[in-house]
Amino acid sequence: MDTMEFRNTLKKENGFFIVHCKDKKLDTEDIIKNWGEELLAIMDDPECKYLILSLQDVALISSSALRYLILGHQKGAELKKPFGVCCINDDIMETIQMTCLDKFFNIGTDEDDIRKILIKVGEELEFELT
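What this report covers is the structure whose coordinates are included nearby. As the structure is a prediction and not an experimental result, all values here were calculated from the model. (Residues numbered from 1 in each chain as written. Predicted model: local features only at pLDDT ≥ 70, side-chain atom pairs only at ≥ 80, totals over all residues. Heavy atoms only, no water.)

### Quick look at the pattern of salt bridges
No. 1: In the structure shown here, the tally under the stated rule is seven salt bridges.
No. 2: When the shortest N-O distance is used, the salt bridge between R115 and E13 registers 2.3 Å. Placement of the pair is R115 in helix α4 (residues 111-129) and E13 in strand β2 (residues 9-13), with a sequence separation of 102 residues. By the burial criterion, R115 is buried, and E13 matches it. (Salt bridge = Lys/Arg side-chain N within 4 Å of Asp/Glu carboxyl O. Helix = DSSP H or I, 4+ residues; strand = E, 2+ residues; numbered from the N terminus. Buried < 20%, exposed > 50% of the residue type's maximum accessible area, 1.4 Å probe, protein only.)

Structure (structure tokens):
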């Protein structure tokens, strides 16, 4: 396992790239843009097979930041790299549910849970490709 430093903390484990957001609030344009662009760029790494975003330390997320989660999901689908989010606090989860994005995103309670979900999604993608 190796770790690289970005605005977020990136951990690589057997094709899983786990991004831990360091920001407590994703609510200003500069923070969101830097955070979101970094998140999307990580998916371009050929070693990345699955991308997990942990929001464990995030207390507030704006609609602009949610846009990057949508873009991450879409880019993951295009690249056949399942994207998932985990460790979401209750307030953020409520926002995600109110916007019906919980039906769109792969969401897990913790890293182990989202890994299982993404492996299943990956298996379904492989089935579709054959």
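### So, the packing of helix α1 (residues 29-42) against helix α2 (residues 63-79)
No. 1: The N-to-C vectors of α1 and α2 enclose an angle of 10°; their axes lie 10 Å apart at closest approach. Comparing their axes, α2 and α1 come out roughly parallel. Two secondary-structure elements touch here, α1 through I32, K33, W35, G36, E37, L39, L40 and A41 and α2 through S64, A65, Y68, L69, L71, G72 and K75. (Axes fitted to C-alpha atoms, helices over the stretch in contact; angles between N-to-C directions. Parallel < 35°, antiparallel > 145°, perpendicular 65-115°, else oblique. Contact = heavy atoms within 4.5 Å.)

### Concerning the nonpolar core
No. 1: Counting residues in hydrophobic clusters, the biggest one holds 29 residues, and the most contacted among them are L26, W35, L51, L53, L69 and F83.
No. 2: Residue assignment for this core shows that the elements contributing at least two residues are β3 (16-20), α1, β5 (50-54), α2, β7 (83-86) and α3 (90-98).
No. 3: For this core, the element with the highest residue contribution is α1, accounting for five residues.
No. 4: Residue contacts for L51: discarding those within four places in its chain leaves F17, V19, L39, I42, M43, P82, F83, G84 and L118.
No. 5: Formed by eight residues, the second largest nonpolar core is a distinct cluster that contains I18, C86, I114 and L118. (Core = buried A, V, L, I, M, F, W, Y, C linked by side-chain atoms within 4.5 Å.)

### Regarding the pairing of β3
No. 1: Within β3, four of the five residues are buried, which leaves the element mostly enclosed by the surrounding structure.
No. 2: In this antiparallel pair of consecutive strands, β2 and β3, the connection spans two residues, and N14 shows a positive phi of 50°.
No. 3: For β3 and β5, the ladder comprises five bridges, and the chain directions are parallel. By the bridge assignment for β5, H20 is matched with S54. (Pairing = 2+ DSSP bridges.)

### Re the side chain of R115
No. 1: Of the residues examined, R115 reaches a relative accessible area of 17% and is grouped as buried.
No. 2: Non-local contacts of R115, meaning those with residues more than four positions away in its chain, are made with E13, F16, I18 and I52.

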